[in-house]
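Listed below are the residues making up each chain.
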Amino acid sequence: MKTADDVIKRIQWDQMLPKEYFVIGYLDRFLGVVEENFTTFSWENLASVDYDVLAIPQHRIQYFKYKTEKVWDKTERKDVMFGSTGSKVGIMEFMEEVDKKIRDERELNIDDDDYDSDDDDDEGATISLPQQINTDNNVHLIAEEERSTHFIAIKISDKDIIENVTKVQNQIIEKEEILQDCCMKKGLLHITLAMVRLEGQEGIEEATKMMKALEPELSNILADKNKAKIKIENLKTFGQRVVYAEVTPAHDDTFWKFVNIVRASLEKASDLVRSSNSFDYVPHLTLAKVSRPVARERRSKYIETSYYQEFEDQKFGEQVIDNLQLCVIDSSTRHDGFYNTLTELKF
């Protein structure tokens, strides 16, 4: 059976395999098996890396996944990557099968008639990656022609906001248990600034550089932490299907300058990095959205106002804008429960 080192090297050097969509499951001495995106790791010699770089001995690696499915597993003696244990499906065919499965599941959850059809904001943990196919020996990431592949967002970390959001969600679930799967998981709470479509590896690299180039200017704008706060308060809906909390900036000029710089950078980018926003920007924090499968089962896509009415004027808390994330629309998550990210800026 091929080793973990063999798999690592192939992912590193095979241009047909997009590194950012591979996940490693490794054994942590305290937490057990932990999953992390392949690109998060450093593969230098352990003795040469800094203390803040994520690096692990290769004998701790238990498995590799492509998106949601294992392609190599030490315990199960599974090897789709090379076929060394008798797999009859090659890695490229396997990836296409996974992409088709994800696309089919995704189509069940998409409702183009929704006000806020941003895939990241409204599908919560059911977010899927776009289909990947092999065309003319190049890997192209597609999900229909114009669908978003990534999004830029502020991660919610304030404990009061998370606690108060959970209270509302628990109330909704108490009224109708089937809506549990429609509530945004606390680790995924975020405020979207822009939806993005990246074309292939070149688009990913350009977007990553774009984000890093924004850091000095954005840090300067957010230098005054009192002005860099946003209040999360009140409950509203998009068509009675999406329940969200309003975002109120502590200082309008600071917030909108921050947002506009990020969104303007997308407009200046090449065709490989395109804004895919479909609606006027309404800053909000999604708490719950009824997915299509749940809507079919309960014969309604609406959430009754009475389920959350007592919280309509709720003050959830304040979030300091201390981060900016370029997130992958993906069904898997980082070690902290948030979306997989290509870039994370901290201010």
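We now turn to the structure provided with this report. These numbers were taken from a predicted model, which means no experiment stands behind them. (Residues numbered from 1 in each chain as written. Predicted model: local features only at pLDDT ≥ 70, side-chain atom pairs only at ≥ 80, totals over all residues. Heavy atoms only, no water.)

## What about the overall build of the protein chain?
Then comes step 1: From N to C terminus, the protein chain includes 7 helices and 16 strands.
Then comes step 2: Taking all 347 residues of the protein chain together, 50% fall into the buried category.
Then comes step 3: Sequence separation of at least 24 residues holds for 73% of the intrachain contacts in the protein chain that already meet a minimum separation of 6.
Then comes step 4: Element-wise, carbon and sulfur atoms account for 45% of the exposed surface of the protein chain, whose accessible area totals about 16,800 Å². (Helix = DSSP H or I, 4+ residues; strand = E, 2+ residues; numbered from the N terminus. Buried < 20%, exposed > 50% of the residue type's maximum accessible area, 1.4 Å probe, protein only. Contact = heavy atoms within 4.5 Å. Areas by Shrake-Rupley, 256 points an atom, 1.4 Å probe, with all protein chains shown as cover.)

## Some thoughts on the packing of aromatic side chains
Then comes step 1: Considering all chains together, one arrives at 9 aromatic pairs under this definition.
Then comes step 2: Between Phe151 and Tyr339, the aromatic rings sit 5.0 Å apart at their centres with planes inclined by 90°, giving edge-to-face as the arrangement. Of the two residues, Phe151 is situated in strand 8 (residues 150-155) and Tyr339 in the loop between strand 15 (323-328) and strand 16 (341-346); the sequence distance between them amounts to 188 residues. No difference in accessibility class separates Phe151 from Tyr339, as the two residues are buried.
Then comes step 3: Look at Phe238 and Tyr244: their rings are 4.3 Å apart centre to centre, the planes differ by 25°, and that puts the pair in the stacked class. For the pair shown, Phe238 and Tyr244 are each scored as buried.
Then comes step 4: Against the face of Phe82 rests Lys2, its NZ or CZ located 5.4 Å from the ring centre.
Then comes step 5: In this arrangement the basic side chain of Lys67 is found over the ring face of Tyr21, its NZ or CZ atom lying 5.5 Å from the centre. (Phe/Tyr/Trp six-rings, centres within 6.5 Å; stacked < 30°, edge-to-face > 60°. Lys NZ or Arg CZ within 6 Å of the ring centre and 35° of its normal.)

## With respect to the packing of helix 5 (residues 200-221) against helix 6 (residues 252-268)
Then comes step 1: Between helix 5 and helix 6, the least distance of the axes is 11 Å, while the angle of their chain directions is 165°. Classified by the angle their axes make, helix 5 and helix 6 are roughly antiparallel. Seen from above, helix 5 lies across helix 6 with right-handed handedness. Note on element contacts: helix 6 touches helix 5 through Thr254, Lys257, Phe258, Ile261, Val262, Ser265 and Leu266, opposite Met210, Leu214, Glu217, Leu218 and Ile221.
Then comes step 2: By residue class, the composition of the contact of helix 5 with helix 6 is 8 nonpolar, 2 polar and 2 charged. (Axes fitted to C-alpha atoms, helices over the stretch in contact; angles between N-to-C directions. Parallel < 35°, antiparallel > 145°, perpendicular 65-115°, else oblique. Left-handed = near helix turned anticlockwise from the far one by under 90°. Nonpolar A, V, L, I, M, F, W, Y, C, P; charged D, E, K, R; others polar.)

## Points about the nonpolar core
Then comes step 1: Phe64, Val71, Ile152 and Leu324 are the most contacted members of the largest nonpolar core, which totals 92 residues.
Then comes step 2: With residues up to four places along the chain from it excluded, the contact list for Val71 reads Phe22, Phe64, Lys65, Tyr66, Lys78, Asp79, Val80, Met81, Ile91 and Phe94. (Core = buried A, V, L, I, M, F, W, Y, C linked by side-chain atoms within 4.5 Å.)

## Details of the sheet that holds strand 14 (residues 315-320)
Then comes step 1: Ordered in space as 13-11-10-14, the 4 strands form an open sheet in which the pairing is antiparallel. One side of each edge strand has no neighbouring strand; the edge strands of this open sheet are strand 13 (284-289) and strand 14. This sheet shows a mean twist of 30° between the axes of neighbouring strands, independent of strand direction.
Then comes step 2: Bridge count for strand 10 (residues 229-238) against strand 11 (residues 242-249) is 8 bridges, and the pairing is antiparallel. (Pairing = 2+ DSSP bridges.)

## Quick notes on the environment of Ala264
Then comes step 1: With respect to the helices, strands and loops of the structure, Ala264 is situated in helix 6.
Then comes step 2: Linking Ala264 and Ser275, residues 11 residues apart in sequence, is a C-alpha distance of 9.5 Å.

## Focus: the sheet that holds strand 12 (residues 273-275)
Then comes step 1: Read from one edge to the other, the open sheet built from 5 strands follows the order 12-9-8-15-16, with strand pairing classed as antiparallel. The open sheet has two edge strands, strand 12 and strand 16, and neither has a second partner. Taking each pair of neighbouring strands and ignoring which way they run, the sheet shows an average axis angle of 25°.
Then comes step 2: Of the pairings in the sheet, the one linking strand 8 to strand 9 (residues 190-198) comprises 6 bridges and is antiparallel in character. Bridge pairing in strand 9 links His150 to Val196.
Then comes step 3: Relative to the sheet, helix 6 contacts strand 8, strand 9, strand 12 and strand 15, its axis offset from that of strand 9 by approximately 10°.

## Section: the pattern of salt bridges
Then comes step 1: Counted under the stated rule, the structure contains 15 salt bridges.
Then comes step 2: In this structure, Arg10 engages Asp14 in a salt bridge whose closest nitrogen and oxygen atoms are separated by 3.1 Å.
Then comes step 3: Overall, Arg10 belongs to the partly exposed group, its relative accessible area being 23%.
Then comes step 4: In this structure, Glu233 engages Lys315 in a salt bridge whose closest nitrogen and oxygen atoms are separated by 3.3 Å. Placement of Glu233 in strand 10 and of Lys315 in strand 14 is noted, with a sequence separation of 82 residues between them.
Then comes step 5: The buried category is assigned to Glu233, whose relative accessible area is 12%. (Salt bridge = Lys/Arg side-chain N within 4 Å of Asp/Glu carboxyl O.)

## Comments concerning the environment of Gly337
Then comes step 1: Within the element layout of this structure, Gly337 appears in the loop between strand 15 and strand 16.
Then comes step 2: Once residues within four sequence positions are removed from consideration, Gly337 is found in contact with Gly187 and Leu188.

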